[in-house]
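Here's the letter readout for the chains.
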Amino acid sequence: MTGLLERIGAKLLHISAVMGGFVLLIRSTFFWIFRSRLEWRQTLIQMAKIGADSLPVTVMTSFFTGMVLALQTGISSQRLFNEPLFVGTVVSFAMVMELSPVLTALVVAGRAGAAIAAELGTMRVTEQVDALLTLGTDPVRYLVIPRFLAFMLVLPLLTVLSDFSGSVGGLFVAVMRFGIPDNTYWHDIIDFMETKHFYHGFIKSAVFAFAISFICAYKGLSTSGGAEGVGRSTTGAVVSSMVAVLLLDYFASSVLVAMGIP
Amino acid sequence: MIRIRGLLKSFGPRRVLRGVDLDVGAGETVAVIGGSGCGKSTLLKCVVGLIPPDGGSIVVDDVAFGSLRDEADRSEWRGKFGYLFQEGALFDSMSVWENVTFGLKYMTNTPPSRYRRIASEKLALVGLKGVEDLKPAQLSGGMKKRVALARAIAASPRHILYDEPTTGLDPIMSDVINSLVLDLQKKLGVTSIAVTHDMNSAFKIATRIAMLHEGRVLASGTPDEIRKSSDPAVRQFIEGRSSGPIGDV
C-alpha cells in the first residue's frame, strides 16, 4: 500500500514538475520577447524549415482530403436526392473550419515538431544549450523564440493554403466524377461561406501553433540521457503535440462558437 | 576574485556538494581535483550559474550570485566567464569562426565586420590556422578542444573555467592544452578554475590545487604542498592507488 502511494506521489510530482517547467518556458519566452532584440535571421531560417519544407506534404494531404470529401458527399447526396448537391459547400466548410487546421497541424507536428525536439534535444545532451548560456545569450531567446514566432506565422498561412488546396481537390472530383460545372461548385462555396467561418479555422491554427511550438521546444530542452533520451523526447514531442491538437480542437471550437465565430 | 562559501547542492537524495569553501585570487589558477562523481563539474556549473546552488554563497568581483534579480542579471553574470566544456560543446551548424565569435554579439559591442579577424587572432592564439571555414565535425578531438578554448577567450573574459581540459586527449595533445592554459594566464592575466583528475595537468597549470572529497574541500595548497601532503586521501589520489580512504575500487 505504501509502495503504491509512493508511486502515485512520485507520478504526481513528476506531472507537477513538467507542467511547471512548461509554464516557466512560456513565461520566459514572453520575458525575452519584450526584453531583447529578436533573432530575425534565425526566425527566417525556422520559417523556411517549418513552412517551405512542410508545404508539399501539407498541400498533398489536403488535396486528397478534399477529393475524398467530395467523393463521399457526392455519392451520399446522389443516393438521397438522385443528384450531387452542395458538394462545394460541404467540402469547403469541412476543410476551412475543421480539417485544414487539424490536418495541417498534425502534419507539421509530425515533421517540423519532431525536427525541433530532436535538434534541441541533441543540443541539450551535447551541452550546446549550456554553451549558449555561457556565451551571454539565453537558449529561450536564441532557440525557442525564433521557433515559436516561425510556428505562429507559418502554420496559419499553411492552413490557408491547405483550405485552397482541399477545395481544389474537391473541385477536381466534383467536375471529373460527378460532372458538376466548376462555377456551380464555386458558387456553392461563395453563397454560404462568410469571413467568420474562415476566421474560425485560422484562429484555431494559431492556437495549435502555440501549443506545438512550446511542447516540442520543452521536450527538446528537457532532454536527458544521451541518444536514447533524444529519441524519447522526439517521440514524446510528436505524440503530445498530436494529442494536444486534437484536445484543443474541441475546446477552441467551443470557445469560438460561444463567441459567435462559428 | 572568486569567493565560495558553504556551497551546497543535491540532486534528489544525492548530496553532491556539502559545504564547499574556496577562494580564487585575481590572476590565480586553481585546479580542483577529485575522483569521478565527486562534484567537480557541479561546482564549476554552480560558479558560472548553469546550476543554481541549494545553499551557500558565490561572490565574484564583489557581486553575489544570490543578489541577481532576474534572468537578464543571470545572463550578465554568466558573461563574466569563459567556459571550456569537457567535450567542447561547439555548435554543429556553424563554422569554426562563427563558433569562436558567437559570444561577441551578445557580450560586447564589437562591430560584426571585425568578427572574422578576431576569430583568426584567437585561433592563432591557440595554435590553429586555416580552419576558420571548417565545421566542427571536420575537426579532430584536440582541434575541437582548442577551438572551444578560442571561443571561451574570444570576448576577453576576466575569469575562465575549464571543465576537464585534457580529458580524452593523448599525452602530447594534453601537454599542448596545458601550455595553452599557462600561456593564456600569462598573456591575459585571467583568474581561472580548472577541474581535472589529470594530476600532470593539475601540477603544470595550477598556482594552487584544491582537492574535493565527499562534497567538501579536503585539502588546498600550492602544487608543492599538495605533492608533499601526508593526508592519506590526497596521497591515494595523486599516486593513483585503488585502495585507501577514498574507497577500495
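As shown above, the structure is provided for reference.
None of these values were measured; they are calculated from a predicted model.

Trainee: Would you mind showing me how to read the overall build of chain A here?
Mentor: When helices and strands are counted, chain A shows nine helices and zero strands. Taking the principal axes of the C-alpha coordinates as reference, chain A spans close to 70 × 55 × 35 Å. Looking at chain A residue by residue over its 262 residues, the buried ones come to 45%. For chain A, long-range pairs separated by at least 24 residues make up 88% of all intrachain contacts whose partners lie at least 6 apart in sequence.

Trainee: What am I meant to see in the interface of chain B and chain A here?
Mentor: Reports often express the size of an interface as the amount of accessible area lost when the parts come together. Taken together, the contacts link 17 residues of chain B with 14 residues of chain A. Secondary-structure elements contributing two or more residues to the side of chain B that touches chain A are helix H2 (71-78), strand E6 (81-84) and helix H3 (96-107) of chain B. Counted by class, the side of chain B that touches chain A contains 11 nonpolar, three polar and three charged residues.

Trainee: Looking at this structure, I do not really get the pairing of E6 of chain B. What am I missing?
Mentor: Successive side chains on a regular strand alternate, one facing one side of the sheet and the next facing the other. All names here are of chain B. Residues Phe 81 and Tyr 83 point to one face of E6 and Gly 82 and Leu 84 to the other, with burial holding for every one of them. Sheet topology note: the E6/strand E7 (residues 159-163) ladder contains four bridges and is parallel. When the bridges of E7 are listed, Phe 81 appears paired with His 159.

Trainee: Teacher, can you tell me more about the environment of Thr 134 of chain A here?
Mentor: Inspection of the secondary structure assignment puts Thr 134 of chain A in helix H5 (residues 128-134). Spatially, the C-alpha atom of Thr 134 of chain A lies 22 Å from that of Lys 219 of chain A, the residues being 85 residues apart in sequence. Excluding anything up to four places from it in sequence, Thr 134 of chain A contacts Val 48, Arg 78, Phe 81 and Tyr 83 of chain B.

Trainee: Would you mind going over the sheet that holds strand E3 (residues 29-33) of chain B with me for this structure?
Mentor: All names here are of chain B. Taken together, six strands build an open sheet; the order of strands is E6-E7-E8-E3-E9-E10 and the sheet is mixed. Every other strand in the sheet has two partners, leaving E6 and strand E10 (216-221) as the edge strands with one partner each. On average, each strand axis in the sheet is inclined to that of its neighbour by 20°, with strand direction left out of account. By the bridge criterion, four bridges tie E3 to strand E8 (residues 191-195) in an arrangement that is parallel. By the bridge assignment for E8, Val 30 is matched with Ile 193. Of the strands in this sheet, E6 and E7 are in contact with helix H5 (residues 141-153), which crosses E6 at around 170°.

What counts and how
- Residues numbered from 1 in each chain as written.
- Chains lettered and ligands numbered in written order.
- Predicted model: local features only at pLDDT ≥ 70, side-chain atom pairs only at ≥ 80, totals over all residues.
- Helix = DSSP H or I, 4+ residues; strand = E, 2+ residues; numbered from the N terminus.
- Buried ≥ 20, exposed ≤ 12 C-beta atoms within 10 Å, placed from the backbone.
- Contact = placed C-beta atoms within 7 Å.
- Nonpolar A, V, L, I, M, F, W, Y, C, P; charged D, E, K, R; others polar.
- Pairing = 2+ DSSP bridges.
- Axes fitted to C-alpha atoms, helices over the stretch in contact; angles between N-to-C directions.

Everything listed here is a matter of coordinates, which is why it stays silent on function.
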